[in-house]
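Fold and contact review
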Amino acid sequence: MGDITDNPRLRERRYVFEDRHDAGRQLGALIKTRPAIRDPLVLAVPAGGVPVGREVAAALGAPLSLAVVRKIRVPGSTESGFGDVTWDGQVLINEPLRAALGLSAREVDAAVAQTRKNVSARVALFSGGRPLPAMEGKTVILTDDGLASGFTMLAAIQGIRLRNPARLIVAIPTASATSAALVSRHADHLVCPNIRSGRTFAVAEAYREWYDLDDREVLEELAGVP
């Protein structure tokens, strides 16, 4: 397990945040108990990570940008994924899952191509043509609204490492103990107030108010960011 900061008072508890904004404020406060962060840049994974990242960026006085990552959907499924594509086209495949699903190379290639199109469209929609900020030498704080399997976060970490940040901190409000341990091994530090163990885990169970954000709501969140 890597280096992890959590909130002992919130361990193993459910419904500890009012909503994503409250989670982001609590997360930002926990990050600020750590040594001062030099030259921070907050990257949020849309959609659910945007309100969280907005609050973290405000707490740290840091700029906010997006790390667009999308699941590569299992053919015939609208939810399940066997990998991820990042904003710059990098692909991370969950090979054990792909093998277990018995997906052919043609099926994988088709799913990856479709996901790349989707990612490109979302980058264009959310960025308004602005390039991703330079990360070299900065402390990147990568955030989302929670970690279930952690695989999407691993894909984002892979993309960010290619841009040579000085440090990479993963900051999420809630995570399963298994995913927190997994992701922490690939980051310089992981900050997560609410870590839960057990046989089942749902990100939504950390929130009293939970729903999926649509693109319009993401754009509204970003409109209030300097």
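Above this text you will find the structure in question.
Moving on to the packing of aromatic side chains. Applying the stated criterion across every chain yields a total of two aromatic pairs. Consider the rings of Tyr207 and Trp210, whose centres lie 5.2 Å apart with planes at 40°: the pair is tilted. Judged by relative accessible area, Tyr207 falls into the buried class, the value being 2%. A network of ring pairs unites the aromatic residues Phe17, Tyr207 and Trp210 as a single cluster. The ring centre of Trp210 lies 4.1 Å from the NZ or CZ of Arg20, which sits over that ring.

Within strand 2 (residues 40-44), five of the five residues are buried, which leaves the element mostly enclosed by the surrounding structure. Going residue by residue along strand 2, you find Pro40, Val42 and Ala44 tucked away on one face and Leu41 and Leu43 tucked away on the opposite face as well. Relative to strand 7 (residues 139-143), strand 2 runs parallel, the two being bridged by five bridges. Following the sheet pairing, Leu43 is matched in strand 7 by Leu142. For strand 2 and strand 3 (residues 64-66), the ladder comprises three bridges, and the chain directions are parallel. Among the inter-strand pairings, Val42 is bridged to a residue of strand 3, identified as Leu64.

On to the side chain of Asn7. In this structure, Asn7 sits in the loop between strand 1 (4-5) and helix 1 (20-31). Within the structure, the side chain of Asn7 is placed 3.0 Å from the backbone nitrogen of Arg9, a separation counted as a polar contact. Once residues lying within four places of it in the same chain are set aside, the contact partners of Asn7 are Leu30, Cys192 and Pro193.

To continue, consider the sheet that holds strand 1. Strand order in the open sheet made by the six strands is 1-10-8-7-2-3, with parallel pairing throughout. Looking at strand neighbours, the two that pair on one side only are strand 1 and strand 3, the edges of this open sheet. Here strand 8 (residues 167-171) pairs with strand 10 (residues 189-191) via three bridges, running parallel. Each residue of the ladder has a partner; that of Ala171, found in strand 10, is Val191.

Attention now goes to the pattern of salt bridges. Any two side chains of opposite charge can pair if their charged atoms end up close together. If you walk through the whole model with that rule in mind, you get 14 salt bridges. Lys138 is the salt-bridge partner of Asp39, the closest N and O atoms lying 3.4 Å from each other. Of this pair, Asp39 sits in the loop between helix 1 and strand 2 while Lys138 sits in the loop between helix 4 (105-127) and strand 7; the two residues are 99 residues apart in sequence, bridging distant segments of the chain. Look at Asp39 and you get partly exposed, because its relative accessible area is 44%. Of the charged contacts in the structure, one is a salt bridge between Glu221 and Arg54, with a shortest N-O distance of 3.2 Å. Placement of Glu221 in helix 7 (residues 215-223) and of Arg54 in helix 2 (residues 49-60) is noted, with a sequence separation of 167 residues between them. Look at Glu221 and you get buried, because its relative accessible area is 13%. Several salt bridges converge on common partners, so that one network encompasses Arg14, Arg196 and Glu205.

As a further point, take the packing of helix 4 against helix 7. Close contact between helix 4 and helix 7 brings their axes to 10 Å; oriented N to C, the two are set at 40°. Classed by the angle they form, the pair helix 4 and helix 7 counts as oblique. Here helix 4 contributes Arg122, Leu125 and Phe126 to the contact with helix 7, which in turn contributes Asp215, Val218, Leu219 and Leu222. Considering only residue class, the contact of helix 4 with helix 7 consists of five nonpolar, no polar and two charged.

Rules used throughout
Residues numbered from 1 in each chain as written. Predicted model: local features only at pLDDT ≥ 70, side-chain atom pairs only at ≥ 80, totals over all residues. Heavy atoms only, no water. Phe/Tyr/Trp six-rings, centres within 6.5 Å; stacked < 30°, edge-to-face > 60°. Buried < 20%, exposed > 50% of the residue type's maximum accessible area, 1.4 Å probe, protein only. Lys NZ or Arg CZ within 6 Å of the ring centre and 35° of its normal. Helix = DSSP H or I, 4+ residues; strand = E, 2+ residues; numbered from the N terminus. Pairing = 2+ DSSP bridges. Polar contact = N/O pair within 3.5 Å; in protein donor to acceptor, adjacent residues only side chain to side chain. Contact = heavy atoms within 4.5 Å. Salt bridge = Lys/Arg side-chain N within 4 Å of Asp/Glu carboxyl O. Axes fitted to C-alpha atoms, helices over the stretch in contact; angles between N-to-C directions. Parallel < 35°, antiparallel > 145°, perpendicular 65-115°, else oblique. Nonpolar A, V, L, I, M, F, W, Y, C, P; charged D, E, K, R; others polar.

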